[in-house]
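A closer look at the structure
If you want the building blocks of each chain, they are given just below.
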Amino acid sequence: GNSVTQMEGPVTLSEEAFLTINCTYTATGYPSLFWYVQYPGEGLQLLLKATKADDKGSNKGFEATYRKETTSFHLEKGSVQVSDSAVYFCALTSGTYKYIFGTGTRLKVLA
Amino acid sequence: GAVVSQHPSRVICKSGTSVKIECRSLDFQATTMFWYRQFPKQSLMLMATSNEGSKATYEQGVEKDKFLINHASLTLSTLTVTSAHPEDSSFYICSASTGTSYEQYFGPGTRLTVT
């Protein structure tokens, strides 16, 4: 079946550090891939998405590239800020409306 | 565009009572709506999928008589937690899909506390 694997958190970084949160997937067909961010006490906000191989999603300085050969969709940001502290979820959908979520990675950025 | 609201954002109820949570798509018609439950520091667990005008499809292990879902219109779905107990305390999140793609748009969530 389809699945998403995210790196375990929490991830603690200093402000302006480089961020990578790994996400790999298994899926039949050609999934669409998403990164969502959840701030404390809030719902999920779409951060970026990619719908086909080699697509790069980007938003607010975050980027992720859909790599079919490595079945990965790693999230990166060149310089994190304290305000980026949140939980990040990788997710996929493949031919259905059902999302498969990763377990989430908590990011804490220290000033 | 594609905004989803939930009401209430927080609710506290006594054990044994029922509580209703509303999920609305504000600027689009949602052919399909989803209800999730999230435990502290965990991922989202899909509870059920509902299509307008038809019965909801519940995930395995979710009691349909406990969690009543109604999708009465293309912009409104409700989740009623019946005879709530403390173990039902959780963060409930809804999402909606336009039907033109598989992307879901998420509401801000409702924090339910049962005392």
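What this report covers is the structure whose coordinates are included nearby. For clarity, every value in this text was computed on a predicted model and none was experimentally measured.

1. Quick word on the overall build of chain A
- Along the backbone of chain A there are 0 helices and 12 strands.
- Counted from the first residue to the last, chain A has its helices and strands arranged as β-β-β-β-β-β-β-β-β-β-β-β.
- Taken over the C-alpha trace, chain A has a radius of gyration of 13 Å; the compact-globule value for 111 residues is 13 Å, and the two agree within 12%.
- In terms of its C-alpha atoms, chain A occupies a principal-axis envelope of roughly 45 × 30 × 20 Å.

2. A look at the environment of R37 of chain B
Residue and element names in this part refer to chain B.
- Among the secondary structure elements, R37 is positioned in strand 4 (residues 32-38).
- Taking relative accessible area as the criterion, R37 reaches 8% and is therefore assigned buried.
- Taking C-alpha positions, R37 is 15 Å from T82, a pair spaced 45 residues apart along the chain.
- A distance of 2.6 Å separates the side chain of R37 from the backbone oxygen of E87, its partner in a polar contact.
- Within the local environment of R37, its side chain forms a polar contact with the side chain of S90, the two groups lying 3.3 Å apart.

3. Some details on the pattern of salt bridges
Residues and elements named next belong to chain B.
- Evaluated as defined, the whole model comprises 7 salt bridges over all chains.
- Here E22 and R24 are joined by a salt bridge, their closest N and O atoms 3.4 Å apart.
- Relative accessible area serves as the criterion here: at 34%, R24 is assigned to the partly exposed category.

4. As for the state of the cysteines
All names here are of chain A.
- Throughout the structure, instances matching the rule amount to 2 disulfides over all chains.
- Across a sulfur-sulfur distance of 1.9 Å, C23 and C90 are joined as a disulfide pair. Measuring the twist about the S-S bond at about -70°, one finds the C23-C90 disulfide to be left-handed. One end of the pair, C23, is in strand 4 (residues 23-26); the other, C90, is in strand 10 (residues 86-93), with 67 residues separating them in the sequence. Just as C23 is buried, C90 falls in that class too.

Cut-offs used in this document
Residues numbered from 1 in each chain as written. Chains lettered and ligands numbered in written order. Predicted model: local features only at pLDDT ≥ 70, side-chain atom pairs only at ≥ 80, totals over all residues. Heavy atoms only, no water. Helix = DSSP H or I, 4+ residues; strand = E, 2+ residues; numbered from the N terminus. Rg over C-alpha atoms; globule rule 2.2 N^0.38 Å. Buried < 20%, exposed > 50% of the residue type's maximum accessible area, 1.4 Å probe, protein only. Polar contact = N/O pair within 3.5 Å; in protein donor to acceptor, adjacent residues only side chain to side chain. Salt bridge = Lys/Arg side-chain N within 4 Å of Asp/Glu carboxyl O. Disulfide = S-S within 2.5 Å.

All we've got here are geometric facts, nothing functional implied.
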